[in-house]
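Overview (structure and organization)
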Amino acid sequence: MQNALKLKEKINILLDHNKYDEAMKELSIQTKISIEKENPNLFLFAEIAGSYISLGDESNNILAVNKGIAIFQENREILKSVISEDSLDYCLGNGFQAIYKIKTQNIDNYFVKPENIRDELFDAKQSYLKVFKKINLDYLDDFAIKILTNLGNNLNHSGRIVEALQLFDIVLNHKPKFPEAVVSKADGLRYMIQSTDCPKTLWLYSEIYKLYSIASENKIVIEEINKNVEWGKKEFGQLLIDNDINLDTLENEFELNEIEFKNHPEDIKFYLENFMNLSEHSLYCKCNGAKTDDLTIGYPGYKTNDKRIIQLELLNNRIKSEFSLAKNLYFDFTKQTQKDNVHYENVLNGIVNGIKYEKLRTSFRLCFGILDKIAEGICYLLELEIKEGEKIYFESFWKTSKNAQRWIKINSFQNIHLTALYSIASDLNKKNGEFGFYKQWRNKLEHGLFSLTNKNYINDDVNENQFSIKTSSDDFENKTKHLLQLTRASIFSFVFCVRHELITKNNSPA
């Protein structure tokens, strides 16, 4: 352990002084020594791998990053005896993310299409998600905070703006001045302005200014980030001043917003706190302007005779209506205490039934119906071919095996929100998605026996077969909450996607 700490300190000093060649030489020597030993110091070996990734990331050296990744992958089983599997996946995620950054940073006007997120960007996301699935979001430690922040930055690269902002908010709710999350949220809101054609309000500018102001109080090691922070603070501060906003009294306005939030009805507060609102305002503020689910393809005062916009706005209304029911059922589940007047035969101890739990099950199932409607909407928007009798499912209609020409056409569009939808769909893919089991659960809810259990349940032979699936009610509640949030993000991305194709592009100067 001491040797690993000494190496880490030595490499960090070299990196701080940009002595990358010396760091690479030192790591090469330590690697050779470790490999030649019959019983290598595994703590030191893990530190060597992590240092290779840090060195490669800072010096834009893909060779160094790949060496670190290879050590972790090839020695995963033995390294698990000294560091946790979560730490391994975290390091691998950082490695894949570094390779993506190095490969793309010097490409002019690089654009992430669906086909571009199948490589390192996807691998990084998968590694982070493996750890994310195990995190208790109510009790975050420093490691969990790093995972959430890095995952948020990864999702932003795929256009998953809403989820990224959610992750940054979760971090900042626990650690309000965590520098990386503060800067990432500010940058994320700027990215939202640039890519979504969202309403540009003074409260949005105020939130960005506040975040950059907080970040400027905490010196960040990387000078490029510090310059970005100072620029952002100055730029958005001036925007507010130009609109007659007194920066010295801005904190009072934030306190008034907090009072408005506290005065919301219980259900509205619940939706805002749990990231279930369909309001662009709610992405950065929880005041009265955020309480209505007013997400639309058009904007106030926008008029059109475009049949596609009208048809897709009708679809958006249907989606919002179903999502409203889904989240309302979830809210009711969390509040309902009384039992229904039904007798359930006590075949097995610990299996729970009743209206309370049917609300939770129905909320989960509704989400998949909404996602499939989004897939249909994308096909209509982009005029994608649908073969006769083909059923369109959100998580699978993109597959080249379904329709190779459709995949080619999807990738002909430069629409970051289309990329975001594909990225979300890949998480739900039954073959390699980290949440592919959600679809299996949904199918059992519809057509089989999906049992929810409580603490009195004991494993048995009766309920262990292909016909039956079970999970604890607490686990299913958490997964339903996550699926609602994933569906909410998909709805935002769908609206942004349509808005970009049919409104923003048509209004852009030639």
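How each quantity is defined
- Residues numbered from 1 in each chain as written.
- Predicted model: local features only at pLDDT ≥ 70, side-chain atom pairs only at ≥ 80, totals over all residues.
- Heavy atoms only, no water.
- Axes fitted to C-alpha atoms, helices over the stretch in contact; angles between N-to-C directions.
- Helix = DSSP H or I, 4+ residues; strand = E, 2+ residues; numbered from the N terminus.
- Parallel < 35°, antiparallel > 145°, perpendicular 65-115°, else oblique.
- Contact = heavy atoms within 4.5 Å.
- Nonpolar A, V, L, I, M, F, W, Y, C, P; charged D, E, K, R; others polar.
- Left-handed = near helix turned anticlockwise from the far one by under 90°.
- Pairing = 2+ DSSP bridges.
- Phe/Tyr/Trp six-rings, centres within 6.5 Å; stacked < 30°, edge-to-face > 60°.
- Buried < 20%, exposed > 50% of the residue type's maximum accessible area, 1.4 Å probe, protein only.
- Lys NZ or Arg CZ within 6 Å of the ring centre and 35° of its normal.
- Expected span 1.5 Å × (residues − 1).
- Disulfide = S-S within 2.5 Å.
- Salt bridge = Lys/Arg side-chain N within 4 Å of Asp/Glu carboxyl O.

A few words on the packing of helix α1 (residues 2-16) against helix α3 (residues 42-59). Relative to each other, α1 and α3 sit at 10°, their axes nearing to 9 Å. On the basis of the axis angle, α1 is roughly parallel to α3. Contacts between α1 and α3 involve Asn3, Ala4, Leu7, Lys8, Ile11 and Leu15 from the first element and Phe43, Leu44, Glu47, Ile48, Ser51, Ser54, Leu55 and Glu58 from the second. Its residues assigned to classes, the contact of α1 with α3 comprises 8 nonpolar, 3 polar and 3 charged.

Another aspect to go through is the packing of helix α18 (residues 416-427) against helix α20 (residues 473-507). A packed helix pair is summarised by two numbers, namely the angle formed by the two axes and the spacing between the axes. At a minimum axis distance of 8 Å, the contact between α18 and α20 shows a crossing angle of 155°. One element, α18, and the other, α20, form an angle in the roughly antiparallel class. Remark: the crossing between α18 and α20 carries left-handed chirality. Here His417, Leu418, Ala420, Leu421 and Ile424 of α18 come into contact with α20, specifically with Leu486, Ala489, Ser490, Ser493, Phe494, Phe496, Cys497 and His500.

Right, let's get into the sheet that holds strand β1 (residues 351-352). What links the strands of a sheet is backbone hydrogen bonding, and the strands pair in either a parallel or an antiparallel sense. Taken together, 3 strands build an open sheet; the order of strands is β1-β2-β3 and the sheet is mixed. A strand with exactly one partner marks an edge of an open sheet, and here the two such strands are β1 and β3 (468-472). Of the strand pairs in this sheet, strand β2 (residues 449-453) and β3 are connected by 5 bridges, and their pairing is parallel. Opposite Leu449, over in β3, you have Ser468 as the bridge partner. Across the face of the sheet, α20 comes into contact with β1, β2 and β3 while running at roughly 90° to β3.

Here the focus is unusual backbone geometry. Not every positive phi belongs to a glycine, and Asn109 is a case in point at roughly 55°. For Asn109, the position within the fold is in the loop between α6 (85-104) and α7 (120-132). Located in the positive-phi region is Glu383, a residue other than glycine, with phi close to 55°. Topologically, Glu383 is positioned in the loop between α16 (355-382) and α17 (404-410).

So, on to the packing of aromatic side chains. Following the criterion strictly, the structure yields 26 aromatic pairs and no others. Both rings, one in Phe270 and one in Tyr271, keep their centres 6.0 Å apart while their planes meet at 75°; by these two values the pair is edge-to-face. The pair formed by Phe270 and Tyr271 is uniform in burial state, with each residue classed as buried. Between Phe492 and Phe496, the ring centres sit 5.8 Å apart and the planes meet at 45°, which makes this aromatic pair tilted. With Phe492 and Phe496 both in helix α20 and 4 residues apart, this pair spans about one turn of that helix. Here the aromatic cluster, defined as three or more aromatic residues joined through ring pairs, consists of Phe364, Phe368, Phe435, Phe437, Tyr438, Trp441, Phe450 and Phe476. The positively charged end of Lys210 is found above the aromatic ring belonging to Phe254, 4.4 Å away from the centroid.

Taking 1.5 Å of rise per residue, the 14 residues of helix α9 (residues 161-174) would be expected to cover 20 Å, and the 20 Å separating its terminal C-alpha atoms lies within 8% of that figure. Within α9, 12 of the 14 residues are buried, leaving the element largely enclosed by the surrounding structure. All of the buried residues along α9 are Ile161, Val162, Glu163, Ala164, Leu165, Gln166, Leu167, Phe168, Asp169, Ile170, Val171 and Leu172. In this structure, the buried side of α9 is in contact with α7, α8 (142-157), α10 (179-196), α11 (202-216), α18 and α20.

Glancing now at the side chain of Asn156. Mapped onto the fold, Asn156 is located in helix α8. Residue Asn156 is classed as buried on the basis of its relative accessible area of 12%. Not counting residues up to four positions away in its chain, the partners in contact with Asn156 are Ile161, Ala164, Phe168, Gly188 and Tyr191.

With that settled, the discussion passes to the state of the cysteines. Counted by the stated rule, this structure contains 0 disulfides. Cys285 provides the cysteine sulfur closest to Cys198, a residue in no disulfide bond, and the two sulfurs are 13 Å apart. Since its relative accessible area comes to 3%, Cys198 is described here as buried. Left unpaired, Cys379 is separated from the closest cysteine sulfur, that of Cys497, by 11 Å. Residue Cys379 is classed as buried on the basis of its relative accessible area, which comes to 2%.

What follows concerns the environment of Asp248. You can see Asp248 is positioned in the loop between α12 (223-242) and α13 (250-262). Measuring from C-alpha to C-alpha, the distance between Asp248 and Cys287 comes to 20 Å, with 39 residues separating the pair along the chain.

Another point: the pattern of salt bridges. If charged atoms from side chains of opposite charge come close, those side chains can pair. Overall, the coordinates contain 30 salt bridges when judged by the stated rule. Linking Lys101 and Asp57 is a salt bridge whose minimum nitrogen-to-oxygen distance equals 2.7 Å. Residue Lys101 is found in helix α6, and its partner Asp57 is found in helix α3; the two are separated by 44 residues along the sequence. A relative accessible area of 30% means that Lys101 is categorised as partly exposed. For Asp57, a relative accessible area of 29% translates into the label partly exposed. A salt bridge links Lys175 to Asp142, with the shortest nitrogen-to-oxygen separation between them at 3.4 Å. Within this pair, whereas Lys175 is found in the loop between α9 and α10, its partner Asp142 is found in helix α8, the two being separated by 33 residues in sequence. Judged by its relative accessible area of 33%, Lys175 falls in the partly exposed class. Each of Lys125, Arg160, Glu163 and Asp427 takes part in salt bridges that share partners, so that together they form one network.

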